[in-house]
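A closer look at the structure
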Amino acid sequence: MRRARLIVATLAVAVAAAGCGGGGGDTGNSGGGSGSSEPIKLGAWFPLTGAQAASGIPQKVGASVYWQKFNDDGGANGTKVDFLTKDNAFDPQQTIAIAREFVAKDQVDAIVNTNGTATTEATFPFVLQQNHIPIFGTYGGSAAWYDPPRPGLFGTQALYEDQARVAVKWATDEGVKNLLVVRDDPEAFANVSKAAQAYAKDKGATANEVVVKIGTTDYAPIVNQVKSAAPDGVLLILPPQEAAAYLNEVALQGVKIPAYGYAPAANEATLTLAGPNAEGFRAVSLTLPPTSDEPDVQEYRDAMKKYAPDTQPDSYSLAAYGYARAFGEILKSIDGKVTSESITTAIEKASDIKTGIVPPLSFSPKDHLGTDAVVRVEVQGGKYVAEGDFESPGKN
């Protein structure tokens, strides 16, 4: 049971004036029920400053746009959402302070659409264990979060290892027999590479890797190593800037080896930085492309045009919109008062949530990771085009 709210009348007036917010100054009561005037309060942290702001800013926009549309469409059975966001600059200590403010001052019912693996994990003792506030749809995550499942923690995106496995499956489906993984040096990238190489060997291919110092901009020596290894397919476990640097360098050196990527590389930044050199690049994506003609993606673009007309649609905001939409459907399924407890129960009962943007999501008390699926996308005519439907490793 949530503790009693303080200064209810004052906050109710503030909420009525503010509606669905998008910044740290938003206030209001949470715990609304069917037709309640008290909004459901959700919190999220994003890197809005610093090196990771390129992902955090559009994610905040995409999620905020969805919750504004959600409220305008009637909310959850008549109850609106107060979406509170704060800048954590991708810093774990700042994130802990934000989490404490969300819980103690703002009294949020859930943390939703938030960004960052290390930053979010730093809040687990306070948010999940001490206060039993659910966390849904973090952009990031690791296998250790969900095996075994942690009470109150729910994931909505395929793990990096599964992303890489689907990319490897694509490569081997196209006849690649000698795969070379090009990846950055931190341990997180090493774990993804190990999973990719093991999966390639299961598919009958050989697999090796080239390790790159993270942040490398000169890929000439790396491409020379690739040529020496003589693979017939390359898997990039790299962020967009480095994936683009690789694609530009292989074009400069005239190297014609098919390149595949995991989901972080399937980003508009790769297209912008590599230009025509990105043509034919294959990667897996957490969402359908933002330019897709599918009705639900068109709905997202229309919502962006209405609520954030100065922001161009992209994969970051689309993913945040899709995950928020999934949570909105869960809120609508709650009959009665919306609390942290009722939200957790509703998520564990949620099955086959379709958004038309991200893969269908299903949860249970024993499975808190909603999907392991991604979709294949290829750069054609300067944009990503989906190749088939969402798929999981080993399927199709």
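My aim in this report is to walk through the structure given alongside it, one point at a time. Please read these numbers as outputs of a predicted model, since none were measured by experiment.

What follows is about the nonpolar core. Judged by nonpolar contacts, the single largest core of 103 residues is most densely connected at W67, V182, L235, Y246, F327 and L331. Ignoring anything within four residues of it in the chain, the contact list for F327 reads L42, W67, A110, V112, F136, I343 and I347. Grouped together as the second largest cluster of nonpolar side chains are 19 residues, L84, L128, L153 and L369 included.

Within the structure shown, the criterion is met by 16 aromatic pairs. On the numbers, 5.8 Å between centres and 55° between planes, the contact of F136 with F363 is tilted. Within this pair, whereas F136 is found in strand 4 (residues 135–136), its partner F363 is found in the loop between helix 13 (340–349) and strand 11 (375–380), the two being separated by 227 residues in sequence. For the residue pair F136 and F363, the accessibility class agrees, reading buried in each case. Taken together, a centroid distance of 6.1 Å and an interplanar angle of 65° make the contact between W145 and Y146 edge-to-face. By relative accessible area, which is 10% here, Y146 ends up buried. Within the aromatic cluster, the residues linked to one another by ring pairs are Y66, W67, F70, F83, F136, F154, Y300, Y321, F327 and F363.

Our next topic: the packing of helix 8 (residues 220–229) against helix 9 (residues 240–253). Viewed as axis vectors pointing N to C, helix 8 and helix 9 meet at an angle of 65°, and their least axial separation amounts to 9 Å. In terms of axis orientation, helix 8 runs roughly perpendicular to helix 9. When you trace helix 8 past helix 9, the crossing you get is right-handed. Contacts between helix 8 and helix 9 pair A220, V223, N224, V226 and K227 from the former with Y246, E249, V250 and Q253 from the latter. Classifying every residue of the contact of helix 8 with helix 9 by side-chain character gives five nonpolar, two polar and two charged.

Turning next to the sheet that holds strand 6 (residues 178–184). In spatial order, the strands read 7-6-8-9-10-11-12; together these seven strands make up an open sheet with mixed pairing. Every other strand in the sheet has two partners, leaving strand 7 (206–212) and strand 12 (383–386) as the edge strands with one partner each. Taken over all neighbouring pairs, the strand axes of this sheet differ in orientation by 30° on average, direction set aside. Contacts from helix 9 reach strand 6, strand 7, strand 8 (233–237) and strand 9 (259–261), with the element oriented near 150° to strand 8.

Here five strands make up an open sheet; going across it, the order is 2-1-3-4-5 and the pairing parallel. Whereas interior strands pair on both sides, the edge strands pair on one side only; in this sheet they are strand 2 (81–87) and strand 5 (153–154). Taken together, the two bridges between strand 4 and strand 5 define a ladder with parallel strand orientation. Following the sheet pairing, I135 is matched in strand 5 by L153.

It is worth spelling out the packing of helix 2 (residues 53–72) against helix 11 (residues 295–307) at this point. It is the contact of helix 2 with helix 11, at a shortest axis distance of 10 Å, that shows an interaxial angle of 90°. Classified by the interaxial angle, the pair formed by helix 2 and helix 11 is roughly perpendicular. Taking contact as the criterion, the partners of V61, V65, Q68, K69 and D72 in helix 2 are, on helix 11, E299, A303, M304, K306 and Y307. Its residues placed into classes, the contact of helix 2 with helix 11 shows five nonpolar, one polar and four charged.

The next subject is unusual backbone geometry. In this chain, D147 is followed by P148 through a cis amide linkage whose omega measures 0°. The phi angle at N77 is positive, at roughly 55°, despite the residue not being glycine. Its place among the elements puts N77 in the loop between helix 2 and strand 2. Since its relative accessible area comes to 38%, N77 is described here as partly exposed.

What counts, and where the lines are drawn
- In every chain, residue numbers begin from 1 and rise along the written sequence.
- Reporting of local features is limited, given that this is a predicted model, to residues whose pLDDT is at least 70; pairs of side-chain atoms are given and counted only at 80 or more, and all residues count toward the totals for whole chains, interfaces and linings.
- Hydrogens are left out, water is left out, and the side-chain values use all remaining heavy atoms of the structure.
- We define the nonpolar core as a collection of buried residues of types Ala, Val, Leu, Ile, Met, Phe, Trp, Tyr and Cys that are connected through side-chain atoms lying within 4.5 Å of one another.
- Think of it in three bands: with a 1.4 Å probe and only protein chains considered, a residue is buried below 20% of the maximum accessible area for its type, exposed above 50%, and partly exposed in between.
- Between two residues, a contact is recorded if the distance between any of their heavy atoms is within 4.5 Å.
- Aromatic pairing here means that ring centres of Phe, Tyr or Trp (its six-membered ring) are within 6.5 Å. Orientation follows from the plane angle: under 30 degrees is stacked, over 60 is edge-to-face, and everything else is tilted.
- Going along the chain from the N terminus, every DSSP run of H or I of four or more residues is numbered as a helix, and every run of E of two or more is numbered as a strand.
- Lines fitted to C-alpha atoms define the axes, with helix axes restricted to the stretch in contact, and inter-axis angles between N-to-C directions lie between 0 and 180 degrees.
- Angle categories: roughly parallel below 35 degrees, roughly antiparallel above 145, roughly perpendicular from 65 to 115, and oblique for all the rest.
- Put simply, a crossing is left-handed when the front helix is turned counterclockwise from the back one by less than a right angle, and right-handed when it is turned clockwise.
- Residues are grouped as follows: Ala, Val, Leu, Ile, Met, Phe, Trp, Tyr, Cys and Pro are nonpolar; Asp, Glu, Lys and Arg are charged; all remaining types, including Gly, are polar.
- Whether two strands pair comes down to DSSP finding at least two bridges between them.

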